[in-house]
Amino acid sequence: MIKYTKYEKARIIGARALQIAMGAPLLLELSDEDLQRIQLNPITIAKMEFDQEVIPITIRRPLPKNPKLK
């Protein structure tokens, strides 16, 4: 698993939760019982998808500039 900062994790989960809230299909197979238990909460579903590493969102980290290479 890739190590994400807490800010990257929040951004990924927030973006995915917004997609779910807008009607995007779920990337996990959840039973009706599971959906009732979590009360169809998009943030909880996004956290579950993040924990199982099924969210197709990537993070691009720019490399720091080295002033000695100029």
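Residues numbered from 1 in each chain as written. Predicted model: local features only at pLDDT ≥ 70, side-chain atom pairs only at ≥ 80, totals over all residues. Heavy atoms only, no water.

Section: the nonpolar core
In this structure, Ile12, Ile13, Ala17, Ile20, Leu28, Leu30, Leu35, Ile38, Ile45, Ala46, Phe50 and Ile55 together form the largest nonpolar core, which totals 12 residues. If you list the elements that add at least two residues to this core, you get α1 (6–21) and α3 (42–51). Per element, the largest residue contribution to this core is four residues, and it comes from α1. Excluding residues within four positions of it along the chain, Ile38 makes contact with Leu30, Thr44, Ile45 and Met48. (Core = buried A, V, L, I, M, F, W, Y, C linked by side-chain atoms within 4.5 Å. Buried < 20%, exposed > 50% of the residue type's maximum accessible area, 1.4 Å probe, protein only. Helix = DSSP H or I, 4+ residues; strand = E, 2+ residues; numbered from the N terminus. Contact = heavy atoms within 4.5 Å.)

Examining the pattern of salt bridges
In the structure shown here, the tally under the stated rule is three salt bridges. One salt bridge connects Glu8 with Arg61, and the closest N-O pair in it is separated by 2.7 Å. Taken as a pair, Glu8 in helix α1 and Arg61 in the segment after α3 lie far apart in primary sequence, 53 residues in all. The exposure class of Glu8 is buried, given its relative accessible area of 12%. (Salt bridge = Lys/Arg side-chain N within 4 Å of Asp/Glu carboxyl O.)

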